[in-house]
Amino acid sequence: GATRVTEEFYRSVYEDDGVLLVAAAGNDGTTEQSYPASFPFVMSVAAIDSNEKRASFSQCNDQVEIAAPGVNVLSTYPENRYRELSGTSMACPHVAGVAAEIWARFPSCTNTQIRNVLLRTSKALDDDGCYNAFGSGLVQANEAYKMLAESGCAAGDRTDNEPNVTGGGTQKPDF
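Residues numbered from 1 in each chain as written. Predicted model: local features only at pLDDT ≥ 70, side-chain atom pairs only at ≥ 80, totals over all residues. Heavy atoms only, no water.

Undergrad: What is the right way to look at the sheet that holds strand β3 (residues 64-69) in this model?
TA: Within a sheet, neighbouring strands are paired by backbone hydrogen bonds and run either parallel or antiparallel to one another. What the three strands build is an open sheet, ordered β1-β2-β3; its pairing is parallel. For this open sheet the edge positions go to β1 (21-24) and β3, each flanked by a neighbour on one side alone. Pairwise comparison of adjacent strand axes, ignoring direction, gives a mean angle of 40° for this sheet. Inspection of the sheet shows β1 paired to strand β2 (residues 42-48) by four bridges, in the parallel sense. Directly across from Val-22, in β2, lies its bridge partner Met-43. (Pairing = 2+ DSSP bridges. Helix = DSSP H or I, 4+ residues; strand = E, 2+ residues; numbered from the N terminus. Axes fitted to C-alpha atoms, helices over the stretch in contact; angles between N-to-C directions.)

See the structure below:
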């Protein structure tokens, strides 16, 4: 659950230490907030299926910022096996991996610049009747790379005239 101490910890890690925090939105298929994903300093990741539709189990609340594949994802499993698993915890590594790869190629960018670029370059998905089911949309690694290659880290800077592109109404990206 959410506590002031826990929220302060995530705020400090995000704002003071410059870490980009990415967490699974939750698997109850409701609009309830799930933590730590619903803290304003954490990117909340929803799950979609191979048809780019919201996974039935994926949370869909005003804190979801971005989506990634999370249904029948091949994953490691005990005893040196692999298994298809589903959940927002399967979607989350896609976003974290894209963020890490992009940040490694543009190491002078800040956590908020990387976060903003991921949100600004995500692919919009059709609304499924659930408020903010996908946040800004499906994470797009190549588009994020191209934006930063063309415009540099400033592509992730705050802009006063830009609408709030995050799904999370109280999330804290830097724009």
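Right, picking up where we left off after that structure.
Undergrad: What's the story with the nonpolar core in this structure? I'm lost.
TA: Across soluble globular proteins, nonpolar side chains show a tendency to be buried alongside one another. If you look at the biggest cluster of nonpolar residues, it comprises 34 residues, and the most contacted ones within it are Val-45, Ile-66, Ile-102, Ile-114, Leu-118, Val-139 and Leu-148. Of all elements in the fold, only α1 (4-16), β1, β2, β3, α2 (88-105), α3 (111-120) and α4 (141-151) reach the threshold of two or more residues within this core. Looking at this core element by element, the count peaks at six residues for α2. Of all hydrophobic cores here, the second largest spans 10 residues; its members include Ala-46, Val-64, Ala-133 and Phe-134. (Core = buried A, V, L, I, M, F, W, Y, C linked by side-chain atoms within 4.5 Å. Buried < 20%, exposed > 50% of the residue type's maximum accessible area, 1.4 Å probe, protein only.)

Undergrad: Which parts of the structure should I look at to understand α2?
TA: One full turn of an α-helix is made of 3.6 residues, so residues set three or four places apart face in the same direction. With 18 residues, α2 extends 26 Å between its outermost C-alpha atoms, agreeing within 8% with the 26 Å of an ideal straight helix rising 1.5 Å per residue. Taken residue by residue, α2 has Thr-88, Met-90, Ala-91, Cys-92, Val-95, Val-98, Ala-99 and Ile-102 as its buried positions. (Expected span 1.5 Å × (residues − 1).)

Undergrad: Is there a simple way to explain the environment of Ala-55 in this structure?
TA: When you line up the elements, Ala-55 lands in the loop between β2 and β3. In this structure, the C-alpha to C-alpha distance between Ala-55 and Thr-88, residues 33 residues apart in sequence, is 8.7 Å. With residues up to four places along the chain from it excluded, the contact list for Ala-55 reads Ala-47, Ile-48 and Val-71. (Contact = heavy atoms within 4.5 Å.)

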